[in-house]
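Remarks on the overall topology
The chain contents come next:
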Amino acid sequence: MAVLKLFKTAGGVKEISAHLAEVEADVQDLVEAHMEAMLGVTFLASEYVIDCVDGGRIDSLGLDENGAPVIVEYKRGTDAGVINQGLYYMAWLTNHKDAFRNLVRDRLGATAASQILWSAPRLICVAGDFTRYDAHAVREHRRSIDLVRYRYFGSDHFGLETVASVAGHSAPVKRVRRRAAGVPVRDQAGAMAELAQAVDEVLVGLGDAVTRVQRKQYRAYRRLRNFASVCPPQQTKLLVYLKADPKEVDLVPGFTRDVTGLGHHGTGDLELQLRTERDLERAGDLLRLSYAAA
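In short, a report on the structure. (Residues numbered from 1 in each chain as written. Predicted model: local features only at pLDDT ≥ 70, side-chain atom pairs only at ≥ 80, totals over all residues. Heavy atoms only, no water.)

1. Considerations on the pairing of strand E8 (residues 157-166)
- Of all 10 residues making up E8, 8 are buried, and the element is well covered by its neighbours.
- Two elements, strand E7 (residues 144-153) and E8, share 9 bridges in a ladder whose sense is antiparallel. In the strand pairing of E8, Tyr152 is matched with Phe158.
- If you look at the hairpin formed by E7 and E8, you'll find 3 residues sitting between the two strands, and Gly154 has a positive phi there, around 60 degrees. (Buried < 20%, exposed > 50% of the residue type's maximum accessible area, 1.4 Å probe, protein only. Helix = DSSP H or I, 4+ residues; strand = E, 2+ residues; numbered from the N terminus. Pairing = 2+ DSSP bridges.)

2. A look at the nonpolar core
- Residues Tyr48, Ile58, Leu61, Ile71, Phe100, Val104 and Leu147 are the most contacted members of the largest nonpolar core, which totals 32 residues.
- If you tally residues by element for this core, the top one is helix H3 (residues 82-95), at 7 residues.
- With near-sequence residues (within four places) excluded, Tyr48 lies in contact with Gly56, Arg57, Ile58, Leu61, Trp92, Ala99 and Leu103.
- Counting residues in each nonpolar core, the second largest holds 27 residues, with Val204, Val230, Val240 and Leu272 among its members. (Core = buried A, V, L, I, M, F, W, Y, C linked by side-chain atoms within 4.5 Å. Contact = heavy atoms within 4.5 Å.)

3. Some remarks on the packing of aromatic side chains
- Across all of its chains, the model carries 7 aromatic pairs by this definition.
- Consider the rings of Phe100 and Trp118, whose centres lie 5.7 Å apart with planes at 75 degrees: the pair is edge-to-face. Of this pair, Phe100 sits in helix H4 (residues 97-108) while Trp118 is found in the loop between helix H5 (110-114) and strand E6 (122-127), placing the two residues 18 residues apart along the sequence. Each member of the pair Phe100 and Trp118 is classed as buried.
- For the pair Tyr152 and Phe158, a centre-to-centre distance of 5.0 Å together with 65 degrees between the ring planes defines the contact as edge-to-face.
- A relative accessible area of 0% places Phe158 in the buried class.
- Chaining the aromatic ring pairs together yields one cluster made of Tyr150, Tyr152 and Phe158.
- Over the ring of Tyr291 we find Arg223, and its NZ or CZ is 4.1 Å from the ring centre. (Phe/Tyr/Trp six-rings, centres within 6.5 Å; stacked < 30°, edge-to-face > 60°. Lys NZ or Arg CZ within 6 Å of the ring centre and 35° of its normal.)

4. Some words on the pairing of strand E12 (residues 238-242)
- E12 sits mainly inside the fold: 5 of its 5 residues count as buried.
- Because side chains alternate across E12, one face comprises the buried residues Leu238, Val240 and Leu242, and the other comprises Leu239 and Tyr241, equally buried.
- Sheet analysis places strand E11 (residues 226-230) next to E12, joined by 3 bridges and oriented antiparallel. Each residue of the ladder has a partner; that of Ala228, found in E12, is Leu242.
- Judged from the 5 bridges that link them, E12 and strand E14 (residues 270-274) form a sheet pairing that is antiparallel. Of the residues in E14, the one forming a bridge with Leu239 is Gln273.

What follows is the structure, encoded as C-alpha cells:
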C-alpha cells in the first residue's frame, strides 16, 4: 500500500489543494535541501556531470543510511523515460566506482568512502505520476528502484508517496514454525536463529514496499528509509533498532532502551532486546510505529 508522507515547507497556508510544481527544478531544490529527512539519503552532489561518450548530468547523487550509492532523478509530471534515464546513470556509476568513491571521500571522509555498499546501489525516481507500465517495468530489472510520486498541498506542505519499490537483491521470505510463546531461547543457537527468522517474517509482513539490505553487521529493513535494523543473534538475545522516538515510548528495562547518541550497528534510537517469541509479540506496536514513521 502506498503511503503519503507530508513535509512542512516555508510559507503560510492559503488553501489546501494538491498540485504539481511549476518547474522540475523546484522539486529538485526542495528534495536536495531536505534529502535526509525525506529519503533517508545524505546529499552529495547536484547536476553531476558524467564522463562518458554520450555525456549527461545526474540530477542528484547521495549515500543512504546503509552506505549504498543513490541516484535521484526528477520529473515534473509523468515521463516514460525517467526509469531508463536513471538506469543509464546507474550503469555508469557501477562502472566508475572510483569517481563516486572520491566524491564520498571529499564530502564525508575516508571512512565513509571505505564502507560504500556496492552490492545495493539505488535509483529513486521522483515524479508527478507514474503509469502502471512504469510499476511493471521496475519489477523486471535486477536493480533497487523506488518510484515516488510527489504533490504540493497548498503552499505549506509537500507530500511523497511510494508507488513502487523493488530491491535488487532480496532474500526470499521464509515461513518458519512458530515456537510456543514465552519459551526462553537461552543459548540454543538453533532457537535464536528461529527467532531471527520470525522477526524477519514479521518485519517483511508489515507492508508491500518493505525491502531488505544486508550488511555485515546488520540487516536493514526499509521503505524509502530504514525503519528497523536487526543484528546477528547473540547468545541469549536478538537486538533490533527502530526509528521510533524513545521519548514517546514507555521504556522497560531488559526489553527497550534509549540508545540516542550511543554507538551501535544499524540505524535507529530505540533498541529492542528480544529473547522469546512473546517479546516479539510485545514489540508489535513498536514495529508498526517505526514502519509508519519511515
